[in-house]
Amino acid sequence: MAEIRTNKDRLPIVSVSGMVWHPKGGAAGRITVDGNVMWLQGTGGITYNAKIGDSCIGWVACHLEPGVSARNKDDEYNQAFTVLSCIGNEATVRSGDAKGDKGIVTGKHGGCEHLLIYFPQETLEKLNTNDTISIKATGQGMELLDHPEIKLRSVSPALLEKMNIQESDGKLKVGVAKIIPAEIMGSGLGHVGTARGDYDITMFDDEIVERHNLADLRFGDIVAITNADTRFGRSYKTGACTIGVVVHGDSRIAGHGPGVTTLITAKHPLIEPFIDEKANLADYFL
């Protein structure tokens, strides 16, 4: 397969940094879609037993973030940390017992504005809250030179090269683990900054979940969202398509569910997804 032409040789590689971020909780809890109140693990911290390649469904949690959740304590610096970092970028621990250990960026979670990072288990055991992590950030601004109407968001050159992508008749055929209808996308719709954050797959309709085979959705799955235009915001558009990556777990709150960070998107029918069972970050990088 011929290499897809991009401007990757012109992309800067810059250092951005954050720290392992402590979980936050609310004393009042949260109300589920069925009207119950819950107090569950959600965002932040180090999750030792949930990683890319694992199921993102059925955890006793809400918006569970696999691996390490990182953030910069300065909001303006955090914007650079979360926007400039791209999925597949190299992460390095810069302080604490795990200093020097390497990982990869696996997701961006909107609202809490966390960057999600995979590290091997032995590194997770050495990490602690407030340990500093730096990212070799590169990828934003990357373009497909032969496909100007197809936009890239938060995909690193390293990830793009590993994805199952074929060029055919001016279109891209992209291997994905799941194909999801835009009709069931929820929280995050309308957001104008798709270079960061995510939006959620709502999983409360059992028939839809079964029809689209979503019950075994995994952290790190590359998915297609049909009729979804996420170039400059997140909206429904017939014929559009978004390729994204599943970054966090499911939810019991109305309008929420597993989150998807945009990687590739087009307003017109220029992206054709096909099922590839190996379309997961764990298959690409581990």
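Here's what I pulled together on the structure shown here.

Conventions used here
- Residues numbered from 1 in each chain as written.
- Predicted model: local features only at pLDDT ≥ 70, side-chain atom pairs only at ≥ 80, totals over all residues.
- Heavy atoms only, no water.
- Helix = DSSP H or I, 4+ residues; strand = E, 2+ residues; numbered from the N terminus.
- Buried < 20%, exposed > 50% of the residue type's maximum accessible area, 1.4 Å probe, protein only.
- Contact = heavy atoms within 4.5 Å.
- Pairing = 2+ DSSP bridges.
- Core = buried A, V, L, I, M, F, W, Y, C linked by side-chain atoms within 4.5 Å.
- Salt bridge = Lys/Arg side-chain N within 4 Å of Asp/Glu carboxyl O.
- Phe/Tyr/Trp six-rings, centres within 6.5 Å; stacked < 30°, edge-to-face > 60°.
- Lys NZ or Arg CZ within 6 Å of the ring centre and 35° of its normal.
- Polar contact = N/O pair within 3.5 Å; in protein donor to acceptor, adjacent residues only side chain to side chain.
- Arc of directions from axis to C-beta.

Here H114 lies in strand 8 (residues 114–118). Using a relative accessible area of 5% as the deciding quantity, one classes H114 as buried. With residues near it in sequence (within four places) discarded, H114 still touches W21, T43, G44, E65, S69, A70, R71, T82, G107, K108 and H109.

With that out of the way, let us pick up the pairing of strand 12 (residues 171–176). Strand residues, when the strand is regular, have side chains that alternate between the two faces of the sheet. Pairing of strand 11 (residues 165–168) with strand 12 involves four bridges; the strand directions are antiparallel. Paired with S168 across the two strands is K171, which belongs to strand 12.

Moving on, we get to unusual backbone geometry. The backbone phi angle of E113 is positive, close to 55°, even though this residue is not glycine. Counting through the fold element by element, E113 comes out in the loop between strand 7 (102–109) and strand 8. With a relative accessible area of 16%, E113 lands in the buried category. Of note, N213 is a non-glycine position whose phi angle comes to about 55°, a positive value. Here N213 falls in the partly exposed class, since its relative accessible area comes to 47%.

So, on to the nonpolar core. Of all hydrophobic cores here, the largest spans 53 residues; its most connected members are I135, M163, I222, I243 and I264. Counting 21 residues, the second-largest nonpolar core is a separate cluster that includes Y199, I208, L214 and V260.

Moving on: the pattern of salt bridges. Evaluated as defined, the whole model comprises 13 salt bridges. In this structure, R211 engages E207 in a salt bridge whose closest nitrogen and oxygen atoms are separated by 2.9 Å. One end of the pair is R211 and the other is E207, both in helix 4 (residues 206–211) and four residues apart, which spans about a single turn. Across the pair, E207 and R211 agree in class, each one exposed.

A word on the packing of aromatic side chains. One pass over the structure, following the stated rule, counts zero aromatic pairs. Over the face of the ring belonging to W21 we find R71, whose NZ or CZ atom lies 5.6 Å from the ring centre.

Before going further, it helps to examine the pairing of strand 5 (residues 67–71). Burial analysis of strand 5 places five of its five residues in the buried class, which makes it a mostly covered element. When strand 1 (residues 14–20) meets strand 5, the two strands line up antiparallel, connected through two bridges. The partner of V20 across the bridge, within strand 5, is A70. As defined by bridge partners, strand 5 adjoins strand 8 across three bridges and the pair is classed as antiparallel. When the bridges of strand 8 are listed, V68 appears paired with I117.

Moving on, we come to the environment of R218. With respect to the secondary-structure elements, R218 resides in the loop between helix 4 and strand 15 (222–229). Ignoring sequence-local partners within four residues, the contact set of R218 consists of G53, D54, S55, C56, A177, V246, E277, A279, N280 and D283. Within polar-contact distance, the side chain of R218 engages the backbone oxygen of E277 at 3.5 Å.

Another point: the environment of D229. With respect to the element layout, D229 can be found in strand 15. Along the chain, D229 and H268 lie 39 residues apart, while their C-alpha atoms are 8.6 Å from each other. Ignoring anything within four residues of it in the chain, the contact list for D229 reads R234, S235, K237, A240, T242, T265 and K267. Reaching out from D229, the side chain makes a polar contact with the side chain of R231 at a distance of 2.8 Å.

In this section: helix 1 (residues 75–84). Taken together, the buried positions of helix 1 are N78, F81 and T82. Viewed along the axis of helix 1, the buried residues span an arc of 85°, placing them on a single side of the element. Every exposed residue of helix 1 that faces more than 90 degrees away from the buried side is listed here: E76 and Y77. On its buried face, helix 1 sits against strand 1, strand 5, strand 7, strand 8 and strand 9 (132–137). One side-chain oxygen of the residue at the start of helix 1 lies 2.9 Å from the amide nitrogen of E76, identifying that residue as D74.

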